[in-house]
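Report on the structure
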Amino acid sequence: MASVSSLKKAPAHDLPTPEPDSPSLTRPRQPYRFSTLCATVDSPDADHKDQHGSSSVPIYQSATFKGVGNRYDYTRSGNPTRSHLEHHIAKISSAAHAFAVSSGMAALDVITRLLKPGSEVIAGDDLYGGTNRLLTYLRTHMGVTVHHVDTTKAESVIPVLNPGKTAMVLLESPTNPLLKIVDIARISALVKEKCEDAIVVVDNTMMSPYLQRPLEHGADIVYDSATKYLSGHHDLMAGVITCNRDDIAKEMAFIINSVGNALSPFDSFLLLRGMKTLAIRMDRQQSTSMLVAQMLSKLGFVTHYPGLPNHPGKEIHDRISDGYGAVLSFETGDKELSERIVAATRLWGISVSFGCVNSLISMPCVMSHASIDPAVRAARGLPEDLIRLCVGIEDPADLLDDLRHALIEAGAITFAANDYVRIPNPISRAVEKLALGEPRTAPQRETREWFVSAPGKVILFGEHAVVHGVTAVAASVDLRCYGLTSPRYDNKISVHFKDINDYQHEWDIDDLPWDAVVPVPKGDEHPDALDIRVVDAIKARALPPESQMPPKTHAASVAFLYLYMMMTYSSHRPSFHFVCRSTLPIGAGLGSSASFSVCIATALLILHQRIDIPSVPPPTREPLAPGDPGHVHLSHKGRRAIPPDVAEEVNRWAFVAEKVLHGNPSGVDNSVAVFGGALAYVRPGFGKRSGMDQIQGFRSLRFLLVDSKVPRDTKALVAGVARKKIAEPEYVGQLLDAIQTISNEARRALADPELPRSALLSGLAALLDENHAHLVSLGVSHPALEAIRTMTAASPYRLSTKLTGAGGGGCAVTLVPDDFSDEALQSLISALEAEGYRPYVTAVGGSGLRILSPYDPIAVDDEDEASPPISPPMTPDLNGAEEPPRPSIRRRFETVNAEELSKWASERGKWLYV
């Protein structure tokens, strides 16, 4: 076997592979990979071969060696076991020389003994606590000047580089415990350019030679605490030093022999044994570390790990290293919370150090870095709440599970909506406000009223069939729900559902079940599933039993409170009164619940300051000076004033409210209520393109909606069609295919701007009749609906009518042609009313969400001029003057007749539209 010592100083990392004992193979072999080098311990030279051919390096547990003039005489000066170890370390570290000493700090002590009084040292500002302690001693007792700089910025060393004085630059990358990245190659080049005699020293403990070899990037000396990854088992103390320069190696060898801190034979044997598994251990450790870092980052904790995409300096680390290591840290925003998390772990051992096969957890500021003065820690940006995790080789699932349980037990996270979510704490929120530039004072209290409105909907084609994958065509109606918020100043919220048994309720905000709530942070979306804990807490602790409340008021109150609490992302909890009115018949299948959901979602998003109403555009003005073109403002009368991102946010939260009300809604109703017009919807899960598409170019149509006043059971009707499909699959399949054809025809006609109006109306009338016939065949009509259809089809009206929604009662829709006279329409309405039905004349395909402009005057009736406040006048705001309460329209809104409500609302001022 060729010995390393016989080579002419070839780079150690490019060592040739030993030739086989048999010379029969003439093809040269490829160099061994790192893990093979780790596992393969070869002799330093022929003199170190064991005469018995042992597979493992023998332990020469002897203090002295006999003879005169031999290679070994005293173990302090040299030992065969340690020689094997040092040769192995040099081999895997790209080094010409290696030394093994009694600890990592002993290694640094040997290195710093190269300094002389008056020398200057440049070091990072985020160093291991023991390193700081030794540097402080050198500065205090040895006359060494130490400059601490932010080494993550390579140029920061330039101002303190002093030729003739700067003797050493001490680096760590990644740093411990904030995992800051240092460009070793760049700093080494800068140092050599200005201070060529300065020694660049790198503490490589966090990476080990497997993942990073700083000698390859310009460092002069590299040291590791071999107690950590090189050993891997925490059963020994050791430090290793490597270098390529012969002069430095000679000096350090003299120091080690003089002070006697060389590693013992037995510890050398243990370390050599541990190093054989270095690569395989670190592969497991860093892969698990990535999973832990991703979990913590996803939960919203500030997480420090070079493997995360947003980690500062990641591109530098990727350039100089081969992996990300197995140490990470994260911040909780609260020191006491961090202490609870550390104490709650079971599998993660509470201990200093890292690099072991067992996972460890610690708080650096009270453990490994406690020796650093608190003021210095603060100045260097070391958070007192920081938790450091040192990942071992346990099963990743067990480590993640144990950490989650500790976070839950400590109150840092909770399990809600089928996922783990972070619980905000006041300290972290205060820090977030500072970081985002938010005011530290409470938001200014709301003094204005907000008036919002959303339409109902009618399914024109495809009801029932939509459950089985057929396209449904739905459109907004002019019948609308209205919501008005009026400010309160007594820390209470209240509701008045005027059209649902005139129901009213009031809550003290502090008495709501906040302990069950994990609010959705501003800018985030609500999870797909409801937080059932919050729903149950509202039902159990904020409302009377459903049986003791008027019909429909219980569900509406739960939806209102659920949105209010889930949107409360900070300490600001708005106090207000909400009044809801509707011109829609409740429970008739015209989307009354969806329009209600849109109204409460819009009002709550505004009051929680989660959406912004666009400011008023600058007005038209003439040129003011030569070269000034002036400005022309094109008035859109409020159209498209509500931007798409605001509408989308409203729609998402309205859908959440619909889930509270109905469990598993399709999303059609709330989408129509927000965006207006008409849309086509295909339910997912049928092997075709699903979702909702706006029907562009939809032209408004006049319809007569007739409420049969017959209660309907939607679930029973849907189940009945499903049973029929099972019993008669071919027949029902033909009906569904026919309805799909009708929906396709209607969709094309409604979106075709070239189709004459008369052709559109006659075609839609025929499609209504055809669709209704198929619904009758499906068994979802009702005698009352058939009676309405007979009346509208009779002479002299001859109009086309179909059921809408679930059928079995509810409403019928009748298309009213443009040339149908008002007299004839009034005659038909009177005839329907005489039979006990409730008709509504409405336009279909109009606007969606509306918000009364806060920038324009609001028309206030005489009755409202004397409206008393809902709560006592507000106390002065200590943070500054607030605008006085504005005129209220609440009293008139609560009392205006339903027939006059739409007209009255439209006259209040300028409305903004989607």
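From a predicted model like this one, the values you see are computed outputs, not experimental measurements.

**What to know about the sheet that holds strand E11 (residues 360-362)**
An order of E8-E9-E12-E11-E10 is seen for the five strands of this open sheet, with the pairing classed as mixed. On the outer flanks of this sheet lie strand E8 (302-304) and strand E10 (349-350), each paired with one strand and no other. Note: E10 against E11, two bridges, orientation parallel. Directly across from Ile350, in E11, lies its bridge partner Ile361. Taken strand by strand, helix H11 (residues 335-344) contacts E10, E11 and strand E12 (387-390), and its axis lies near 25° from that of E12.

**Regarding the confidence of the model for the chain**
Reading predicted coordinates in detail is not appropriate for stretches of low pLDDT. In this model, the chain carries a mean pLDDT of 87, and residues with pLDDT of at least 70 account for 91%. When pLDDT is averaged over each helix and strand of the chain, the minimum, 44, is found for helix H14 (residues 426-436) and the maximum, 98, for strand E7 (residues 239-243). This model gives residues 877-881 a pLDDT under 50, and the stretch forms five contacts once residues within four places in sequence are excluded.

**Points about the side chain of His608**
In this fold, His608 is placed in the loop between helix H17 (592-607) and helix H18 (644-662). Of the polar contacts made by the side chain of His608, one reaches the backbone oxygen of Tyr564; its length is 3.2 Å. Leaving out residues up to four positions away in the same chain, His608 has contacts with Tyr564, Met567, Thr568, Tyr569 and Pro574.

**Thoughts on the pairing of strand E2 (residues 120-124)**
Most of E2 sits inside the fold, with five of its five residues counted as buried. Side chains Glu120, Ile122 and Gly124 of E2 all project onto a buried face; the interleaved residues Val121 and Ala123 project onto the opposite face, where all are buried too. With five bridges joining them, E2 and strand E3 (residues 145-149) adopt parallel strand pairing. Paired with Gly124 across the bridge in E3 is Val149. In terms of handedness, the path from E2 via helix H4 (residues 129-141) over to E3 forms a crossover that is right-handed.

**Re the packing of helix H20 (residues 714-727) against helix H21 (residues 729-751)**
Where H20 meets H21, the axes come as close as 5 Å, and the angle between the chain directions of the two elements is 120°. The angle between H20 and H21 places the two elements in the oblique class. The segment H20 lies against H21, with Lys724, Lys725, Ile726 and Ala727 engaging Pro729, Tyr731, Val732 and Leu736.

**With respect to the pattern of salt bridges**
Under the defined criterion, the tally for this structure stands at 35 salt bridges. Among the ionic pairs, Glu899 bridges to Arg838, the shortest N-O distance being 3.9 Å. Within this pair, whereas Glu899 is found in helix H27 (residues 898-906), its partner Arg838 is found in strand E25 (residues 838-844), the two being separated by 61 residues in sequence. Judged by relative accessible area, which is 63%, Glu899 ranks as exposed.

**Considering the sheet that holds E2**
Ordered in space as E1-E7-E6-E5-E4-E2-E3, the seven strands form an open sheet in which the pairing is mixed. Each edge of the open sheet carries a strand with a single partner, namely strand E1 (97-101) and E3. Averaged over all neighbouring strand pairs, the angle between strand axes comes to 20°, with direction disregarded. Here three bridges tie strand E5 (residues 199-203) to strand E6 (residues 221-225), and the two strands are oriented parallel to one another. By the bridge assignment for E6, Val201 is matched with Ile221.

**So, unusual backbone geometry**
Between Ser173 and the following residue, Pro174, the backbone shows a cis peptide bond with an omega angle of -5°. Relative to the elements of secondary structure, Pro174 occurs in the loop between strand E4 (166-172) and helix H5 (184-194). Cis geometry is found at the peptide bond from Ser795 to Pro796, where omega equals 10°. Relative to the assigned elements, Pro796 resides in the loop between helix H23 (783-793) and strand E23 (801-803). With a phi close to 60°, Ser94 is a non-glycine residue in the positive phi region. Assessed through its relative accessible area of 4%, Ser94 is described here as buried. Positive phi values are uncommon outside glycine, yet Asn501 reaches one of about 60°. Locating Asn501 in the fold gives a position in the loop between strand E17 (492-497) and strand E18 (503-508). Relative accessible area serves as the criterion here: at 54%, Asn501 is assigned to the exposed category.

**Describing helix H13 (residues 396-410)**
For H13, spanning 15 residues, the distance from its first C-alpha to its last is 21 Å, which sits close to the expected 21 Å at 1.5 Å a residue. Listing the buried residues of H13 in full gives Pro396, Leu399, Leu400, Asp402, Leu403, Ala406, Leu407 and Ala410. For H13, the angular spread of buried residues about the axis comes to 165°, placing them on one side. Summarising the contacts, the buried residues of H13 are in contact with helix H9 (278-299), strand E9 (327-331), H11, E12 and strand E13 (413-416). By the N-cap criterion, in which a side-chain oxygen at the helix start approaches the backbone nitrogen of a residue two or three places on, H13 is capped by Asp395, the distance to Ala397 being 2.9 Å. Positive backbone phi, approximately 85°, marks Gly411, located one or two places after H13.

Rules used in this analysis
Residues numbered from 1 in each chain as written. Predicted model: local features only at pLDDT ≥ 70, side-chain atom pairs only at ≥ 80, totals over all residues. Heavy atoms only, no water. Pairing = 2+ DSSP bridges. Helix = DSSP H or I, 4+ residues; strand = E, 2+ residues; numbered from the N terminus. Contact = heavy atoms within 4.5 Å. Axes fitted to C-alpha atoms, helices over the stretch in contact; angles between N-to-C directions. pLDDT = per-residue confidence, 0-100. Polar contact = N/O pair within 3.5 Å; in protein donor to acceptor, adjacent residues only side chain to side chain. Buried < 20%, exposed > 50% of the residue type's maximum accessible area, 1.4 Å probe, protein only. Right-handed = clockwise from strand over helix to strand, strands pointing away. Parallel < 35°, antiparallel > 145°, perpendicular 65-115°, else oblique. Salt bridge = Lys/Arg side-chain N within 4 Å of Asp/Glu carboxyl O. Expected span 1.5 Å × (residues − 1). Arc of directions from axis to C-beta.

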